Amino acid sequence: MGKSGSRSARRPRAGRASVSNGEIAAMLDELADLEEIAGANPFRIRAYRNAARFIAESSRSMIDMLAEGRDLSSLPGIGKAIAAKIEAIVETGRLRQLEEAKKRTPEALARLTHVRGLGPKRVKALYDELHIRSVADLKRALKAGRVRELEGFGAKTERLIEEGLRDITAGERRTPLMVARRTAAELLAYLEAVEGVTQVTVAGSYRRGRSTVGDLDILVACRDGSPVLSRFVEYADVGQVVSRGTTRSTVILRSKLQVDLRVVAEASYGAALQYFTGSKAHNVAIRSIAAHEGLKVNEYGVFRGSERIAGRTEKEVYASLGLPYIEPELRENRGEIEAAAGGRLPRLVTIAQIRGDLHCHTSASGGQMSLRALAMEARKRDYEYVAVTDHTTRAAVAHGLDVRRLERQIAAIERLNDELEGIVLLKGAEVDILEDGSLDLPDDVLESLDIVVGAIHEGFALARRRQTERILRAMDHRCFNILAHPTGRLLGEREPYDLDLERVMEGARDRGCFLELNAQPARLDLSDTYCKLARESGVKLAVSADARRKADMELMELGISQARRGWLERSDVINTLGWKSLGRLLRRG
DNA sequence: GCCGTTTTCGGCCCGACTGTTTTCAGTCG
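What counts as what
Residues numbered from 1 in each chain as written. Chains lettered and ligands numbered in written order. Predicted model: local features only at pLDDT ≥ 70, side-chain atom pairs only at ≥ 80, totals over all residues. Heavy atoms only, no water. Helix = DSSP H or I, 4+ residues; strand = E, 2+ residues; numbered from the N terminus. Rg over C-alpha atoms; globule rule 2.2 N^0.38 Å. Buried < 20%, exposed > 50% of the residue type's maximum accessible area, 1.4 Å probe, protein only. Near = heavy atom within 4 Å. Polar contact = N/O pair within 3.5 Å; in protein donor to acceptor, adjacent residues only side chain to side chain. Nonpolar A, V, L, I, M, F, W, Y, C, P; charged D, E, K, R; others polar. Pairing = 2+ DSSP bridges. Axes fitted to C-alpha atoms, helices over the stretch in contact; angles between N-to-C directions. Parallel < 35°, antiparallel > 145°, perpendicular 65-115°, else oblique. Left-handed = near helix turned anticlockwise from the far one by under 90°. Contact = heavy atoms within 4.5 Å. Phe/Tyr/Trp six-rings, centres within 6.5 Å; stacked < 30°, edge-to-face > 60°. Lys NZ or Arg CZ within 6 Å of the ring centre and 35° of its normal.

## So, the overall build of chain A
So, step 1. On a plain count of helices and strands, chain A comes out with 25 helices and 17 strands.
So, step 2. On C-alpha atoms alone, chain A measures out to a radius of gyration of 26 Å, which is about the 25 Å that the 2.2 N^0.38 rule sets for 589 residues.
So, step 3. In terms of overall dimensions, chain A has C-alpha extents of about 80 × 65 × 50 Å along its principal axes.
So, step 4. Out of the 589 residues in chain A, the part that is buried amounts to 53%.

See the structure below:
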């Protein structure tokens, strides 16, 4: 964290610099780190962090909002002072307060606070007493045995820091949700079998459906005397026991995934689940509301004075604060509490409502499934339809179909549809959107398809305006239905291409087109915050697995998690419709 | 530094675990 921010701060730009929200957030976060080491007012530091988080998650770019003349101080958690800082960053690419903070406190110290076991106080002590100003300095001091001689440090703290350093050298890792699921399932089965255990739930960001998880937070209810905590640390995959208490323990598995276990009584299970599910920002907001009502919320329940008034179920906890139940995927303090208070919570789409998949590949363009295998797999999932959308000629990515091969595939689909019961294969294609906005199949072929999915596979570097026009022109074609992976991002690999996504959303809505939520773990495109923006713009989405092989079909669940995090309801997702209604929607007339 | 059915000042979520403490600070979630 904070690294990209420091880069842009050193490289001033003229005029409105193209500073991303992520860079602005990183600069505020770095400022918070440095001020914290310097011992500044902790509430000011929290204000910086809250603002940074809001900006990083915002689907609107700060540059655009300023260009529109929006008053940034009207945004939640952003007042006059931080609004001025954001403006300065956008105008000049730098932040004076950050540069001054770096003069007082070496900037590498900010990174040290990210080492497990090291917070601002210890980093400051290391700097003041041992003049440690970098990871390398710290390693040398550890080796020389000088750290343990400091007041407040000891042999155990020294070892904790050494372990923390190894982790940070290995890079900050988050585990993909689909990978964490397997680990969680095995651990859950193990814990459920321990005597005295009555309930086990994986909470945390896993339960909130985030695409990656930093750790697993497991909550257990059990009868008195259950040996669940000792069984937990004895679990065969445990590599290291970090802490071990009477109600909570933390281990790191051999896979390096951290797991926290928290044990509570049945009467507190709902309150503990609410607390342990988070997010932190949601909990802080909830507890703050409680405080205004003269109540106290903790993981044991909701209390008025010493009397517990709720806690057995989450529903009870929210009800005690005058709120309806809030689904875990919404708990990010992105407006869900206000919506709950106003009776405006969405009824989130569920996996059971999905009637088909609108983006799948066969062995004809890089996939592994035959047409028949694809149909069987879809039927197994109780789908009513599945679209065959292989790449077309231009796709440099995967041996695309030319017109002749596509026509043969269409004929094969028609024969198969005559033969198969309980599933309909849709004739489709994933066509390339060329740089001038045309599609790479002739009109008469496009006309013969049930569904046309369009995507950008090359020319990622076009300027924002041209890229936006390119897509809008593609959607002008009366056969165009769904814009696949709309921002083109590849997580950890490729940034989204520069695009005015709001214009694309409005353009799609006005033309009767749709945007995709591509459920491939590396894409998850649209993101949750863009899903929310799409819903607010009135454009509907298709949630698609973009499957290449059988196992990919289950990625629909990942897509639905993301859709729920984006506040989508059944009516926002077109593949909740039966084929009859969907077919009408796809014929733009 | 932000915020407001305790409103322009005075609050700001709450608790567990560890280590080096002889009563609690630091860190974490």
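## Details of the protein's contact with DNA strand B
So, step 1. Inspection of the region around DNA strand B gives 49 residues, with Gly-79, Gly-119, Gly-154, Arg-244 and Tyr-300 positioned closest.
So, step 2. At 2.9 Å from a phosphate oxygen of DNA strand B is found a main-chain nitrogen or oxygen belonging to Arg-248.
So, step 3. The contact in question runs from a phosphate oxygen of DNA strand B to an N or O atom on the side chain of Tyr-300, over 2.6 Å.
So, step 4. Listed by contribution, the elements that provide at least two residues to the surface near DNA strand B are α3 (42-57), α5 (80-92), α8 (120-130), α10 (155-169), β5 (238-244), β7 (258-264), α15 (280-292) and β8 (296-298).
So, step 5. Residue classes in the surface near DNA strand B are distributed as 18 nonpolar, 15 polar and 16 charged.

## Regarding the pairing of strand β6 (residues 248-253)
So, step 1. The element β6 is largely enclosed, with a buried count of 5 among its 6 residues.
So, step 2. Judged from the 5 bridges that link them, β5 and β6 form a sheet pairing that is antiparallel. The partner of Gln-240 across the bridge, within β6, is Ile-252.
So, step 3. Between the end of β5 and the start of β6, which pair antiparallel, lie 3 residues.
So, step 4. Pairing of β6 with β7, which is carried by 5 bridges, proceeds in the antiparallel orientation. Bridged to Val-251 within β7 is Val-259.
So, step 5. Between β6 and the antiparallel strand that follows it, β7, lie 4 residues; Lys-256 among them carries a positive phi value of about 80°.

## Re the packing of helix α2 (residues 21-37) against α5
So, step 1. Two elements in contact, α2 and α5, have axes separated by 10 Å at closest approach and are oriented at 125°. Between α2 and α5, the crossing angle belongs to the class labelled oblique. Crossing handedness for the pair α2 and α5: right-handed. Facing Ile-24, Met-27, Leu-28 and Leu-31 of α2, the residues of α5 in contact are Ile-82, Lys-85, Ile-86, Ile-89 and Val-90.

## Concerning unusual backbone geometry
So, step 1. Looking along the chain, the bond that leaves Gly-278 and enters Ser-279 is cis, with omega of -5°.
So, step 2. Here Ser-279 is to be found in the loop between α14 (269-277) and α15.
So, step 3. Of the consecutive residues Asp-525 and Leu-526, the connecting peptide bond is found in the cis state with omega at 15°.
So, step 4. For His-131, which is not glycine, the phi dihedral falls at a positive 55°.

## A few points about the packing of aromatic side chains
So, step 1. Summed over the entire model, instances satisfying the criterion amount to 5 aromatic pairs.
So, step 2. Ring centres of Phe-460 and Tyr-497 lie 5.8 Å apart, and the angle between their planes is 5°; this geometry places the pair in the stacked category. Of the two residues, Phe-460 sits in the loop between β14 (451-455) and α21 (464-476) while Tyr-497 sits in the loop between β15 (482-483) and α22 (501-511), which places them 37 residues apart along the sequence.
So, step 3. We classify Phe-460 as partly exposed; its relative accessible area is 27%.
So, step 4. Look at Tyr-497 and you get buried, because its relative accessible area is 7%.
So, step 5. A cation sits over an aromatic face here: Arg-494 above Phe-460, 4.1 Å from the ring centre.
So, step 6. The side chain of Lys-532 reaches across the aromatic face of Trp-567, ending 4.3 Å from its centre.

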